[in-house]
Amino acid sequence: MNWKQAKKTVVAVPLSAVLLASAGLGTVSASTGSTQIPEVAPTVDTPAAQLRLDISNLFSTHFIYQTEVALLSYHEAKEGGPTGEGLEAAQEQLVANGGDLTEAIKSVYGQEAADAFDKIFDTQYDDSAGYGAAVASGDQEQIDQIKKDLLETFPTDLGTLLSEATGGNLPKDTAISVLQEHEKDVMQFLDNSVEGDFEEAYAEFNEGYERMFTVGTALSSAIVKQMPEKFENTKAVTPAADLRATFSQLLGEHFYYQTATSIEAYKAATGEGGEAFEVVGEMQEANAVEMAAAVESLYGKEAADAFNEIFSTQYEDSEALGKAVAEGNTEKVNEITDELLNTFAVDLGTVLSDATGGKLPKETVISVLQQHEQSTIDILNSYAEGDYQAVYETFTEGHALMFTIGQALSGAIVQQMPEEFAAAPGMPETGMGGMADSGTMNWMLVTFPLLALAGALVFTRRKALKE
């Protein structure tokens, strides 16, 4: 199936507009004697929460493309292995993402700040590719220079700029430190990948991806604190906004690992790589266990079991699709495509709609899940055809869609259970922390008690299935 034609088979649905409008903001009231005091119900859909997730989307997308560029650059420079095809297209997306980040800075702080940001970011594109090439060539002098640029110059320049722009609400030393950790994540992902230690590489990838949400939370909180009126005096960190961020993060990781699983399975079947195939498949399953744990904490074991049963078909289909495309097995490709679009999407959409008491309209959520699955199919087909520009353009769109789904799902849950997501009085905003301080963090520990066990559970379960 041609990817351009395939994209037309599923109609894009403006999920945030349809679902959140249908849910409405709503109000609750508290009685004090004979006087009714109206209060605004908790919601995920505030200007500050939107800023937080917009920034998190841009930074997490940036992290994905920075690691991709470094790895592809290594392969392009290293003889006797993968060729690094797709490097130019990945670099274009990294630069485009930098442009989006620059526009975001401009919208808040103006042209001068945007120009300064863009100038600093320009150096990082070159250094990301340069690091991969230097590691491939074994040029230690070049490696040391790039490490100095990425771990000292870039974090210091960008951390200082962001701290000054936010009037110190984002502490400079903390911002610099977290940006340094981000650059370490990228380099360690590459180092572990080229050494063939894919378990460590993708553990590092997860940590780095999640760190981008920490940065998004901290930067948005600093901006909102600096100019509260611009964001209608709403907060970036509330229990409802935390739920939205949590689902967006899990879904974003899911999309990455689903597409990676299909592509690695394709490469393994063609004999042209695929060394990371087993590990990315395990990471996809581990991510699903985390989402099932979140479902269980909210809706109980029966709902989680139904979710897990449906999701288990998807990891199998992701792997099988890559293999079927590599083998040119059209009948199998069509069978799996139909399974993903018309069975998985329908079953999961029905479970989510039923669980939320219809707050997520069934037909709409099914349609959007079909759009998500079509994105993964299109990416694999484009990869097989060598159309890397289409691969990365579709990936960027598909990754953004995960944030829209996260917004809609969390919005439906918050509307369904408003008392569970009421903001704690006097909840503090944080500097470079992920969630609100004690109030929300305690809530998250209660709401998602199984997340810490997810990795161990999935590896044990996968081993048992193999045996």
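Note: the structure precedes this text.
These figures come from a predicted structure and were not determined experimentally.

*Asks:* Could you give me a rundown of the nonpolar core, with the residues and numbers involved?
*Replies:* With 124 residues, the main nonpolar core has Leu158, Tyr202 and Phe205 as its most contacted residues. Here this core takes 14 residues from helix H3 (residues 47-77), the largest share from any one element. With sequence-adjacent residues up to four places away left out, Leu158 is seen in contact with Phe117, Ile120, Phe121 and Leu179.

*Asks:* Quick one: what's the story with the layout of surface pockets, residue by residue and with numbers?
*Replies:* As a volume, the largest pocket reaches approximately 1,000 Å³. Lining the largest pocket are 40 residues; nearest its centre among them are Leu72, His75, Glu264, Lys267 and Tyr383. Breaking the lining of the largest pocket down by element, the ones donating at least two residues are H3, helix H7 (172-194), helix H8 (198-226), helix H9 (239-270), helix H13 (362-385) and helix H14 (388-416). Counting residues per element, the lining of the largest pocket draws most heavily on H9, which supplies eight residues. Here the lining of the largest pocket is built from residues that sort into 22 nonpolar, eleven polar and seven charged.

*Asks:* Describe empty space enclosed by the protein, listing the residues and the values that go with them.
*Replies:* The tally for this structure, following the rule as stated, stands at four cavities of 30 Å³ or more. There is about 280 Å³ of room inside the largest cavity. Every residue lining the largest cavity is counted, 26 residues in all, and those nearest its centre are Leu251, Phe307, Leu348, Leu352 and Leu409. Listing elements by their share of the lining of the largest cavity, those giving two or more residues are H9, helix H10 (277-299), helix H11 (301-327), helix H12 (330-355), H13 and H14. Classifying every residue of the lining of the largest cavity by side-chain character gives 22 nonpolar, three polar and one charged. By volume, the second largest cavity is sized at about 60 Å³. Lining the second largest cavity are Phe59, His62, Phe121, Gln124, Phe154, Leu158, Val178, Leu179, His182, Met212 and Val215. Top element by residues in the lining of the second largest cavity is H7. It accounts for three residues. Taken together, the residues of the lining of the second largest cavity break down into eight nonpolar, three polar and no charged.

*Asks:* Hey, could you go over the packing of helix H5 (residues 111-137) against helix H6 (residues 140-165) for me, with residue numbers and the actual values?
*Replies:* Running from N to C, H5 and H6 cross one another at 160°; their axes reach a closest spacing of 10 Å. The angle between H5 and H6 places the two elements in the roughly antiparallel class. Note on packing geometry: the crossing formed by H5 with H6 is left-handed. Seen from H5, the contacting residues are Ala113, Ala116, Phe117, Ile120, Phe121, Thr123, Gln124, Asp127, Gly130, Tyr131, Ala134 and Val135; seen from H6, they are Gln142, Ile143, Ile146, Lys147, Asp149, Leu150, Phe154, Asp157, Leu158 and Leu161. Here the residues of the contact of H5 with H6 are counted per class, giving 14 nonpolar, four polar and four charged.

*Asks:* Can you explain the packing of H9 against H11? Please cite residues and give values.
*Replies:* To characterise two packed helices, one gives the angle between the axes of the helices and the distance between these axes. The interhelical angle for the contact between H9 and H11, taken along N-to-C directions, is 35°, at an axis separation of 7 Å. When you trace H9 past H11, the crossing you get is right-handed. Here His254, Gln258, Thr261, Ser262, Ala265, Tyr266, Ala269 and Thr270 of H9 come into contact with H11, specifically with Phe311, Gln314, Ser318, Glu319, Gly322, Lys323, Val325 and Ala326. Here the contact of H9 with H11 is built from residues that sort into six nonpolar, eight polar and two charged.

*Asks:* Could you give an account of the packing of aromatic side chains, naming the residues involved and the relevant values?
*Replies:* Under the counting rule described, the total for this entry stands at 22 aromatic pairs. Pairing Tyr65 with Phe395 gives two aromatic rings, centres 6.1 Å apart and planes at 80°, and the pair type is edge-to-face. You can see Tyr65 sitting in helix H3 and its partner Phe395 sitting in helix H14, a full 330 residues away along the chain. Of the two residues, Tyr65 and Phe395, both sit in the buried class.

Quick notes on the rules
- Residues numbered from 1 in each chain as written.
- Predicted model: local features only at pLDDT ≥ 70, side-chain atom pairs only at ≥ 80, totals over all residues.
- Heavy atoms only, no water.
- Core = buried A, V, L, I, M, F, W, Y, C linked by side-chain atoms within 4.5 Å.
- Buried < 20%, exposed > 50% of the residue type's maximum accessible area, 1.4 Å probe, protein only.
- Helix = DSSP H or I, 4+ residues; strand = E, 2+ residues; numbered from the N terminus.
- Contact = heavy atoms within 4.5 Å.
- 1 Å grid on protein atoms, 1.4 Å probe; cavity = no way out; pocket = protein on both sides within 12 Å on 5 of 7 lines; lining within 4 Å.
- Points joined across faces, edges and corners; volume = space filled by probe spheres on them.
- Nonpolar A, V, L, I, M, F, W, Y, C, P; charged D, E, K, R; others polar.
- Axes fitted to C-alpha atoms, helices over the stretch in contact; angles between N-to-C directions.
- Parallel < 35°, antiparallel > 145°, perpendicular 65-115°, else oblique.
- Left-handed = near helix turned anticlockwise from the far one by under 90°.
- Phe/Tyr/Trp six-rings, centres within 6.5 Å; stacked < 30°, edge-to-face > 60°.

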